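Descriptive analysis of the structure
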Amino acid sequence: VKQSVWLASENAGLERANVAALLNSNAPAAPEILQRLRAVRQNVDASLADIRFLKDVADTPVEIRSAIEGMEKHFLGEFEQVRKQLYQQAVTTAPAGDRHYTLTSAQWIEQSTAAIDTILKVSEAYSHVSNQEAERTAQLRFVQMWGYVGLFLAIIAISSLMVSLLFSKLAH
């Protein structure tokens with residue numbers, strides 16, 4: 001999961017940087033730039049598919065499921081509409097002197113960063129749940145350890161009692 005989150009966020013970050021450069025140019029995108037952006041986005045989508053799969057697994061903790069739903073709502077929902085609008089604008093021409101894109105690169109960076117943060121929240125939720133599980137396991141093992149220490153001491157006490165009874169019988 002963490003690797004899928006990392007790959008999705010890294011590739012989304014690459015898309016963010018390339019689109020920001022495109023917005024700064026205020027010109028339509030060349031076909032090779034659009035092809036590169038599509039390739040990066042395919043990597044994002046493939047990684048997100050691995051993450052979204054967890055939502056349908058029965059024992060996925062609520063915290064992780066909630067983070068995935070938040071990512072779907074914001075990154076794949078609201079932000080996706082902004083992204084698609086920019087991609088549409090990238091293939092059209094604007095009248096001379098007009099702004100080619102509806103967003104500035106600063107606005108794009110702000111919105112895409114907020115969207116990418118929702119991907120990273122899945123990793124945070126996964127880490128939090130894993131840490132809680134590790135803490136519970138450590139507590140259980142600590143209690144078990146003291147149980148084994150108690151059992152060991154009981155065995156030593158019973159063995160000592162048996163040895164002393166044996167010697168007392170032999171002495172008579």
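Okay, so let's go over this structure. Because the structure is a prediction, the values reported are computed rather than measured.

**Topic: the pattern of salt bridges**
- Taken as a whole and assessed by the stated rule, the structure comprises nine salt bridges.
- Between E15 and R83 there is a salt bridge, with the nearest N and O atoms lying 2.7 Å from each other. Taken together, the positions of E15 in helix α1 (residues 2-25) and R83 in helix α3 (residues 62-90) put the pair 68 residues apart, joining distant regions of the chain. Here E15 and R83 have matching classes, each one buried.
- With a shortest N-O distance of 2.8 Å, R41 and E80 are connected by a salt bridge. Here R41 is found in helix α2 (residues 31-53), whereas its partner E80 is found in helix α3, with 39 residues between them in sequence.
- Exposure remark for R41: the relative accessible area of 5% places this residue in the buried category.

**Some thoughts on the side chain of H100**
- By secondary structure assignment, the location of H100 is in the loop between α3 and α4 (105-171).
- Its relative accessible area of 8% is what places H100 among the buried residues.
- A distance of 2.7 Å separates a polar side-chain atom of H100 from the backbone oxygen of Q89.

**A word on the packing of α2 against α3**
- At a closest axis distance of 13 Å, the pairing of α2 and α3 adopts a crossing angle of 165 degrees. By the angle between their axes, α2 is roughly antiparallel relative to α3. Relative to α3, α2 is oriented so that their crossing is left-handed. Along its contact with α2, which presents L34, L37, R41, V44, L48, I51 and R52, the element α3 presents I68, M71, E72, F75, L76, E80, R83, Y87 and A90.
- Looking at the contact of α2 with α3 residue by residue, the classes come out as eleven nonpolar, no polar and five charged.

**Comments concerning α2**
- The first and last C-alpha atoms of α2 sit 33 Å apart over 23 residues, in line with the 33 Å expected at 1.5 Å per residue.
- Residues L34, L37, V40, R41, V44, S47, L48 and I51 constitute the buried set of α2.

**Some details on the nonpolar core**
- Among the nonpolar cores identified, the biggest contains 33 residues, and L48, M71, F75 and W108 are the most heavily contacted of them.
- Going through the elements one at a time, α1, α2, α3 and α4 are the ones with two or more residues in this core.
- Per-element accounting of this core gives the leading share, ten residues, to α3.
- Excluding its chain neighbours within four sequence positions, the residues that come into contact with F75 are A12, R41, V44, L48, G70, E80, A115, I116, T118 and I119.

Calculation criteria
Residues numbered from 1 in each chain as written. Predicted model: local features only at pLDDT ≥ 70, side-chain atom pairs only at ≥ 80, totals over all residues. Heavy atoms only, no water. Salt bridge = Lys/Arg side-chain N within 4 Å of Asp/Glu carboxyl O. Helix = DSSP H or I, 4+ residues; strand = E, 2+ residues; numbered from the N terminus. Buried < 20%, exposed > 50% of the residue type's maximum accessible area, 1.4 Å probe, protein only. Polar contact = N/O pair within 3.5 Å; in protein donor to acceptor, adjacent residues only side chain to side chain. Axes fitted to C-alpha atoms, helices over the stretch in contact; angles between N-to-C directions. Parallel < 35°, antiparallel > 145°, perpendicular 65-115°, else oblique. Left-handed = near helix turned anticlockwise from the far one by under 90°. Contact = heavy atoms within 4.5 Å. Nonpolar A, V, L, I, M, F, W, Y, C, P; charged D, E, K, R; others polar. Expected span 1.5 Å × (residues − 1). Core = buried A, V, L, I, M, F, W, Y, C linked by side-chain atoms within 4.5 Å.

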